[in-house]
Amino acid sequence: MRFYNALLSLLPLLGQVVKSQSNYAPLSCNANTVVDINAPIDTCTPFSQLVNETLSADPNGRIVVPCGTCSIVDYTDGSTIDLPNGLNIVGRLHFPTSTNVRITTTNVYVQGLFDLPTPLDSNNELTIHLYGTNEYWFTPYDGSTDARSVGKKPFVVAGGTIHIQAVSNECESWTQLITKVDDYTLTVKNDFANCLSWNDEILVTSSTKTWDADSTRRITSIVPQDDGSDSSIITVDNAITRSLPGLLGPGESVYAVEVASLSRSVHFTADSDDPDGPHIGGHFMIGWTPNVEQVIAGVKIDNFGQGGILGRYPIHFHLSGVSPSTVAKNVIINSNHRCILIHDTDGTTVDNNVCYNHRGHGIATEVGTEDDNVFKYNLVARTLLLPAGQDNGQSDTKGAHNKHQATSYWIRNFNNEFIGNVAAGSSSLCWWPEMTKKKGRSTFWEKQKSTTPVSSFRDNVAHSCKEAGMVTYFRGWKPEGTHDEPGGVWDNFKVYKNPYNGFKFHQTGPIKIVNSVIADNTVGVMYGNGVWEVHLENTIVDGASKDWRFRLGKGCSSHIGIKHSSNRWGETPERSMAFTNTTFQNFCGSGPMFQFYYDSRSGPGMGDAVEMQGTNLVNVWEKNKPTFKCQNELRDNFLEDVDGVLGPTGKGPGYIIRNRNPSKAFLPPDACTPLWYSGSNEWGQCSAFCEGTFCLRLMRIKPFFGEWTTHTDMKLLLSNDEGTEFEYSSFQFKHFDVLLPAGNYHGSY
């Protein structure tokens, strides 16, 4: 039970104080075998009888399925039934497979059981269409708690159960394309094709850096292949002229485009009839109902969500404690406000849903207190910004941060599992772990620092998102962990064809990205301010994949693999990146595989060095290997080349340093070779490669004369046991940054 937090969470929804904080529970008057999904239906009252009797007595009467009773929907001819004052299911309303009806109404409440346990017969449809502009309050049947505001066009489950199984468990909502045969013909797997029908609508996601370059088409035929390939050929009504990557090419199979079904036989729809604007659609909430299993599977939800109003979403679990529920194989399309929101609810599975053309965040946990939920194999495409003026007070509101943003997946903590989800085209972000502030319940902060299991984030995808595939700006994520055992692990993460950043890290770490692919992004990894180490292991960083070069015809590009801030706060836990068994490939144009930059928000020194072990370079031009620019702020930086692959061709292990006398003073005189591709200034090439195993370290020496010095214009004369000496200047600093190989040194000021 979570009613201790219900009042605080309701305030933004209601705009006023409610007297009660309690949850709803199944009604005692339903404690019989009639109101049970497995109960026989032969004694159920025909729904048409209930409707006719109610509306005959009062044309504006509300249809109520009484507590302790069962009603069976007996409309089978596709007719439209209007219920102008709403539908209140206090008992059981059963939808058999023969159901074929459109129900229009102003509100739906479920306090008993709404059940459609088996998919409808072929060609049958159930539509529940919401309309109207009245604001509604939900009042429980037994009067056990106070009413709650549920707004306009509500579909609310409170204390009751909804069980919709409108598709077979064998049907997949989306798949990856096998191949494009021609502009009208696609080959897909049978576990997807077998559940399609003539005239179904499909989505083909973007396959480029253009976030909205997707296509929707209608199916005109489905032909199973007899070649043992377990595939079918589908034909569409209008040509898809763009090139499409598939599992069979062209290019690598990892970039195969997604194909999704947008059709279902059960529909929840809503009018755009509100004087406040067309963004006020319906909304569907399971609220204040813990410990009740809900099933929502195979529903198409169109024009739900109410722009800028918290709590008004297409699917919303609200303050429902432990809810062992399933949200699966649904299609949410044209949402005015988000897609699937889990708010202060635990234990819910969100599986194999499609969310397309929605505004604001897509699939999300909301406040950071949600635990043990599972999000798997969902597809979110065409994420749009909330329009200006539709302010919800959270981060997808214009002006909430320094930018107007929205993300396909919004993560408030990692105490949930994310497996096999795809973000495929966003006008803003694909993934955004935005941790909560330290406030309120103490568990908020502990949740952000807890160690995440390896399995919690794996097999996910981020592509074609305008700003970033994954961003941790601005609060970041700092799980408990160390350099050797990071607290968070992202496994088999594919991040590609994002027109700005693949990853953008800020105030994050230590985390490890393993077995992953980072490809065809303008910047693969942007490693910025306040990061406490991100470690890449067994990962490919690809500047120009075969798919990019040959299918799209782009050739080698200006893509940057890693853009790494060269300066850290040396006396804080900030650390540079680490790389183990990482492959950099296809940096064969003007873009470097690794570029250092100076971040003015951090300290003046390098901090710890970037670690690279087991590095493999494939088709990387020499001029695109790491160097340091000529700017003064990078004067003391170095990069160790453990494997002897980062320097000029023919060189072994060594170090890349700034080509300046203070950095080379104590190195063997013939060890360093200026790098012709590193740029130049009045002293020559800006970087040098120094071959050998010198164990270089950057030392910060602070003069102490009984107290720390305040002088900034000092000299330090260093010498070693071999008699080499060099005089260093502190410039404007109160210390000396000195790059030295292993040895014994003597100094004087």
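Residues numbered from 1 in each chain as written. Predicted model: local features only at pLDDT ≥ 70, side-chain atom pairs only at ≥ 80, totals over all residues. Heavy atoms only, no water.

**Q** Looking at this structure, how should I read the environment of Pro499?
**A** Take Pro499: it is sitting in the loop between strand E43 (494-496) and strand E44 (501-505). Judged by relative accessible area, Pro499 falls into the partly exposed class, the value being 26%. Taking C-alpha positions, Pro499 is 33 Å from Phe689, a pair spaced 190 residues apart along the chain. In contact with Pro499, other than residues within four places in its own chain, are Lys209, Cys465, Lys466 and Thr522. (Helix = DSSP H or I, 4+ residues; strand = E, 2+ residues; numbered from the N terminus. Buried < 20%, exposed > 50% of the residue type's maximum accessible area, 1.4 Å probe, protein only. Contact = heavy atoms within 4.5 Å.)

**Q** Before we go on, may I ask you to explain the pairing of strand E45 (residues 511-514) in this structure?
**A** For a regular strand, side-chain orientation follows a simple rule: the groups alternate between the two sheet faces. Alternating positions in E45 separate into two faces, Ile511 and Ile513 on one and Lys512 and Val514 on the other, with burial throughout. In this structure, strand E42 (residues 488-491) lies alongside E45, joined through 4 bridges in parallel fashion. Along E45, the bridge assignment pairs Trp490 with Ile513. As judged from the 4 bridges shared by E45 and strand E48 (residues 534-537), these two strands associate in the parallel manner. Bridged to Val514 within E48 is Glu537. (Pairing = 2+ DSSP bridges.)

**Q** Mind showing me how you'd approach the nonpolar core here?
**A** One broad rule of soluble globular proteins: the nonpolar side chains tend to lie buried together. Phe47, Phe155, Phe284, Trp431 and Trp490 are the most contacted members of the largest nonpolar core, which totals 94 residues. Every residue in contact with Trp490, bar those within four places of it in the chain, is listed here: Phe414, Phe457, Met470, Thr472, Trp477, Phe503, Phe505, Ile511, Lys512, Ile513, Val514 and Ser516. Ranked by size, the runner-up nonpolar core spans 17 residues in total, among them Trp174, Leu203, Ile333 and Ala519. (Core = buried A, V, L, I, M, F, W, Y, C linked by side-chain atoms within 4.5 Å.)

**Q** Hey, could you run me through the state of the cysteines in this one?
**A** One way to say it: the disulfide is the covalent bond shared by the sulfur atoms of two cysteines. Counted by the stated rule, this structure contains 8 disulfides. Across a sulfur-sulfur distance of 1.9 Å, Cys171 and Cys195 are joined as a disulfide pair. Here the S-S torsion is close to -90 degrees, and the disulfide linking Cys171 with Cys195 is therefore left-handed. Of the two residues, Cys171 sits in the loop between strand E14 (161-165) and strand E15 (174-176) while Cys195 sits in the loop between helix H3 (190-193) and strand E18 (201-204), which places them 24 residues apart along the sequence. Residue Cys672 pairs covalently with Cys690 via a disulfide, S to S 2.0 Å. Between Cys672 and Cys690 the disulfide shows an S-S torsion of about 105 degrees. By sign, it is right-handed. In this pair, Cys672 is assigned in strand E58 (residues 672-674) and Cys690 in strand E61 (residues 687-691), connecting sequence segments 18 residues apart. Residues Cys672 and Cys690 agree in their burial class; the two are buried. (Disulfide = S-S within 2.5 Å.)

**Q** Quick question: what am I supposed to make of the sheet that holds strand E64 (residues 725-729) here?
**A** Sheets are built from strands paired through backbone hydrogen bonds, the pairs being either parallel or antiparallel. Read across the sheet, 3 strands follow the order E64-E63-E66 without closing on themselves; strand pairing throughout is antiparallel. One side of each edge strand has no neighbouring strand; the edge strands of this open sheet are E64 and strand E66 (745-748). Strand after strand, the sheet turns through a mean of 25 degrees between neighbouring axes, direction not considered. Pairing between strand E63 (residues 715-720) and E66: 4 bridges, direction antiparallel. Bridge pairing links Asn720 to Tyr745 in E66. (Axes fitted to C-alpha atoms, helices over the stretch in contact; angles between N-to-C directions.)

**Q** Please explain helix H2 (residues 47-57) as it appears in this structure.
**A** Because an α-helix completes one turn every 3.6 residues, residues spaced three or four positions apart along the sequence face the same direction. Of the positions making up H2, those classed as buried are Phe47, Ser48, Leu50, Val51 and Thr54. Each buried residue of H2 lies within a common arc of 160 degrees when the element is viewed along its axis, so the set occupies one face. The exposed residues of H2 that point more than 90 degrees off its buried face are Ser56 and Ala57. (Arc of directions from axis to C-beta.)

**Q** Could you clarify how one ought to interpret the pattern of salt bridges in this entry?
**A** When charged atoms on two side chains of opposite charge get close, those side chains can pair. This structure, assessed with the given rule, holds 19 salt bridges. Among the ionic pairs, Lys512 bridges to Glu537, the shortest N-O distance being 3.2 Å. Here Lys512 is found in strand E45, whereas its partner Glu537 is found in strand E48, with 25 residues between them in sequence. Across the pair Arg700 and Asp737 runs a salt bridge whose closest N-O atoms are separated by 2.9 Å. (Salt bridge = Lys/Arg side-chain N within 4 Å of Asp/Glu carboxyl O.)

**Q** Help me understand a negative patch on the surface in this model?
**A** Residues Glu170, Glu172, Asp191 and Asp230 make up a contiguous surface patch of negative charge. Take Asp191: its relative accessible area is 37%, and that puts it in the partly exposed class. (Patch = residues over 30% accessible without salt bridge, like charges linked within 9 Å, V, L, I, M, F, W, Y side chains within 5 Å. Areas by Shrake-Rupley, 256 points an atom, 1.4 Å probe, with all protein chains shown as cover. Lys, Arg positive; Asp, Glu negative; His and termini not counted. Charge placed at Lys NZ, Arg CZ, Asp CG, Glu CD.)

**Q** Looking at this structure, I do not really get the sheet that holds E61. What am I missing?
**A** The strand order across the open sheet built from 4 strands is E56-E57-E61-E58, with neighbouring strands paired in antiparallel fashion. The strands lining the two open edges of the sheet, one partner per strand, are strand E56 (638-641) and E58. Each adjacent strand pair in this sheet contributes to an overall mean axis angle of 25 degrees, direction not counted. As paired strands, E58 and E61 are joined by 3 bridges and run antiparallel to one another. In the strand pairing of E61, Cys672 is matched with Cys690.

**Q** How do you make sense of unusual backbone geometry when you look at a structure like this?
**A** If a residue is not glycine, its phi is most likely negative; likewise, a peptide bond is most likely trans. Across the junction of Gly249 and Pro250, the peptide omega takes the value 0 degrees, indicating a cis bond. The omega torsion across Gly509 and Pro510 is 0 degrees, close enough to zero to call that bond cis. Of note, Pro510 is situated in the loop between E44 and E45. Despite not being glycine, Asn619 has its phi angle at roughly 55 degrees, a positive value. Of the residues examined, Asn619 reaches a relative accessible area of 37% and is grouped as partly exposed. In the Ramachandran plot, Cys695 falls in the positive-phi region, its phi being about 55 degrees despite a non-glycine side chain. Among the secondary structure elements, Cys695 is positioned in the loop between E61 and strand E62 (697-701). Looking at Cys695, the relative accessible area reads 38%, which means it is partly exposed.

**Q** Looking at this structure, how should I read the packing of aromatic side chains?
**A** When we look at a pair of aromatic rings, we describe it by the centre distance and by the angle of the planes. Per the stated rule, a full pass over the model turns up 39 aromatic pairs. Look at Phe594 and Phe596: their rings are 4.9 Å apart centre to centre, the planes differ by 50 degrees, and that puts the pair in the tilted class. In this structure Phe596 comes out as buried when scored by relative accessible area, which is 4%. One aromatic cluster in this structure is built from Phe375, Tyr409, Phe414, Phe418, Trp431, Phe457, Trp477, Trp490, Phe493, Phe503 and Phe505. (Phe/Tyr/Trp six-rings, centres within 6.5 Å; stacked < 30°, edge-to-face > 60°.)

**Q** Got a minute to help me understand the environment of Thr97 in this structure?
**A** Along the polypeptide, Thr97 turns up in the loop between strand E6 (92-94) and strand E7 (101-105). The sequence separation of Thr97 and Thr615 amounts to 518 residues, and the corresponding C-alpha distance is 59 Å. Apart from residues lying up to four places away in sequence, Thr97 is in contact with Thr118, Pro119, Leu120, Asp121 and Asn124.

**Q** What should I look at first to understand the side chain of Thr105 in this one?
**A** Within the secondary structure, Thr105 sits in strand E7. Apart from residues lying up to four places away in sequence, Thr105 is in contact with Asp82, Leu83, Gly86, Leu87, His129, Leu130 and Tyr131.

**Q** Help me understand the side chain of His283 in this model?
**A** Mapping His283 onto the fold places it in strand E23 (residues 283-287). Within the structure, the side chain of His283 is placed 2.6 Å from the backbone oxygen of Val150, a separation counted as a polar contact. When neighbours within four sequence positions are excluded, His283 is seen to be in contact with Val150, Lys152, Lys153, Pro154, Phe155, Phe304, Gln306, Gly311, Arg312 and Tyr313. (Polar contact = N/O pair within 3.5 Å; in protein donor to acceptor, adjacent residues only side chain to side chain.)

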